[in-house]
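What follows is the residue order along each chain.
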Protein chains: 2
Amino acid sequence: MKAAFSLLLLLVTLSCALGKYIPKTGKRIPQTLSRGWGDQLIWAQTYEEALYWSRSKNKPLMVIFHLEDCPHSKALKKVFSEDNEIQKILDEDFVVLNLVYETTDKHLSPDGQYVPRIIFVDPSMTVRADVIGRYSNRMYAYEPSDAKILLDNMKKAKKLLKSEL
Amino acid sequence: MKAAFSLLLLLVTLSCALGKYIPKTGKRIPQTLSRGWGDQLIWAQTYEEALYWSRSKNKPLMVIFHLEDCPHSKALKKVFSEDNEIQKILDEDFVVLNLVYETTDKHLSPDGQYVPRIIFVDPSMTVRADVIGRYSNRMYAYEPSDAKILLDNMKKAKKLLKSEL
């Protein structure tokens, strides 16, 4: 009985050692597409994909530009991901994309490339440069205290430029 | 004692109910950037990002085009993700990107857009159209039994077009 148990233990140990690849620097936590901005949302991976979904579902697109080691991005992300009203509306009425790398499309940086920056795009593929926050020098920036403004802007973006395509 | 326990239970229940946003259709498993092609690898999100990393690290780029509901993609993914030699070399010597949506760059579909398809790109940003599998009608396709060919092709791709930039 004891021998059988030892054998079992050995087999378990061996199967672990022979298991999946583990990097030299140790096991990593798999990266998520949400990057912490809402694990329950369905995220597009690329801007092309997001535009496609926006057009075909006739839902506005929210693009979040951020950096994982930027304290302002992190602070906004915490409020954003914990705000159930924001999360619910995004899940039901928006296509969402978060990027840590700029695209080649200049329309996505109407007043420069900075983070955090939130740009809305209409299903007609028009960047909603009119949907802005409260900072005149960085019009698409939001601070953690700006959740209410962001919610208002989401409602603005939900009013589509062309109600019938 | 019993009352205290009941209260604790109530608090736990409440905190769950007041917790994070859960979609009407039920809790979802967060999407990973790996999409099952190697949870321990560090995946680029977009082609632009992947090219940037390839150039700056002077490592070749592997781009995998696939679809999550395609049985050929799934079968290759299983072999690919469980092959520790492939995973180790990719982790140490490559930049990796997997896409479920085609890019606008025609160079990434030398003989058409199909899945699964694996394209190598040199750090000089040259698509290695010469690194092909064994199917003349779909030159960048691999089947689960082609792991050895894929490994050989990875070794080919590791020989950079320009050894010094």
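The preceding data block contains the structure.
As a starting point, this report considers the structure included with it. Every value quoted in this text rests on a predicted model; they were computed, and no experiment measured them. (Residues numbered from 1 in each chain as written. Chains lettered and ligands numbered in written order. Predicted model: local features only at pLDDT ≥ 70, side-chain atom pairs only at ≥ 80, totals over all residues. Heavy atoms only, no water.)

**Topic: the interface of chain B and chain A**
- Of the residues lining the interface, 35 residues belong to chain B; the matching set on chain A comes to 36 residues.
- Counting the surface lost from both chain B and chain A, the interface buries some 3,400 Å², and carbon and sulfur atoms represent 49% of this.
- At the junction of chain B with chain A, the criterion picks out four salt bridges.
- The salt bridge involving Arg 28 of chain A is made with Asp 91 of chain B; its shortest N-O contact spans 3.1 Å. (Contact = heavy atoms within 4.5 Å. Buried area = accessible area lost by both parts, 1.4 Å probe. Salt bridge = Lys/Arg side-chain N within 4 Å of Asp/Glu carboxyl O.)

**Re the pattern of salt bridges**
- This structure, assessed with the given rule, holds 20 salt bridges over all chains.
- Between Asp 93 of chain B and Lys 158 of chain B there is a salt bridge whose closest N-O contact spans 2.8 Å. Placement of the pair is Asp 93 of chain B in helix H4 (residues 84-93) and Lys 158 of chain B in helix H5 (residues 147-158), with a sequence separation of 65 residues.
- A relative accessible area of 25% places Asp 93 of chain B in the partly exposed class.
- A salt bridge links Arg 128 of chain B to Asp 130 of chain B, with the shortest nitrogen-to-oxygen separation between them at 3.0 Å.
- Each of Lys 24 of chain A together with Lys 88 and Glu 92 of chain B takes part in salt bridges that share partners, so that together they form one network. (Helix = DSSP H or I, 4+ residues; strand = E, 2+ residues; numbered from the N terminus. Buried < 20%, exposed > 50% of the residue type's maximum accessible area, 1.4 Å probe, protein only.)

**Concerning the nonpolar core**
- In terms of nonpolar packing, the biggest core is built from 46 residues, with Met 62, Phe 120 and Met 154 of chain A together with Met 62, Phe 120 and Met 154 of chain B touching the most fellow members.
- With residues up to four places along the chain from it excluded, the contact list for Met 62 of chain A reads Phe 80, Leu 90, Phe 94, Val 95, Val 96, Leu 97, Ile 118, Ile 119, Phe 120, Leu 150 and Met 154 of chain A.
- Counting residues in hydrophobic clusters, the runner-up holds 20 residues, among them Leu 51, Leu 97, Leu 99 and Ile 119 of chain A. (Core = buried A, V, L, I, M, F, W, Y, C linked by side-chain atoms within 4.5 Å.)

**Here we look at unusual backbone geometry**
- A cis amide bond links Val 115 of chain A to the next residue, Pro 116 of chain A, at an omega of -10°.
- Assignment of secondary structure puts Pro 116 of chain A in the loop between strand S2 (95-99) and strand S3 (117-121).
- One non-glycine residue, Asn 58 of chain A, lies in positive phi territory at about 55°.
- Position of Asn 58 of chain A among the secondary structure elements: in the loop between helix H2 (47-57) and strand S1 (61-65).
- Phi is positive for Arg 35 of chain B, close to 50°, though the residue is something other than glycine.
- Mapping Arg 35 of chain B onto the fold places it in the loop between helix H1 (2-17) and helix H2 (47-57).

**Quick word on the sheet that holds strand S2 (residues 95-99) of chain B**
Residues and elements named next belong to chain B.
- Spatially, the three strands line up as an open sheet ordered S2-S1-S3, and their pairing is mixed. With partners counted over all chains shown, the strands left at the sheet margins are S2 and strand S3 (117-121), one partner each. Taking each pair of neighbouring strands and ignoring which way they run, the sheet shows an average axis angle of 20°.
- Relative to S2, strand S1 (residues 61-65) runs parallel, the two being bridged by five bridges. Bridging across to S2, Phe 65 finds its partner in Leu 99. (Pairing = 2+ DSSP bridges. Axes fitted to C-alpha atoms, helices over the stretch in contact; angles between N-to-C directions.)

**Re helix H3 (residues 71-82) of chain B**
Residue and element names in this part refer to chain B.
- When the terminal C-alpha atoms of H3 are compared, their 17 Å separation across 12 residues agrees well with the 16 Å that a helix rising 1.5 Å per residue should span.
- Turning to H3, its buried residues number three or more, namely Ser 73, Leu 76, Lys 77, Phe 80 and Ser 81. Considered in projection along H3, the buried side chains sweep an arc of 125° and stay on one side of the axis. Exposed and oriented more than 90 degrees from the buried face of H3 are Pro 71, His 72 and Lys 78.
- Taken together, the buried residues of H3 touch S1, H4, S3 and H5. (Expected span 1.5 Å × (residues − 1). Arc of directions from axis to C-beta.)

**Regarding the sheet that holds S3 of chain A**
Residue and element names in this part refer to chain A.
- With mixed pairing, three strands are arranged side by side in an open sheet as S2-S1-S3. Looking at the sheet topology across the chains shown, the edges are occupied by S2 and S3. The mean inter-strand angle of the sheet, taken between neighbouring strand axes irrespective of direction, is 20°.
- Here five bridges tie S1 to S3, and the two strands are oriented antiparallel to one another. Considered in S3, the bridge of Val 63 is made with Ile 119.

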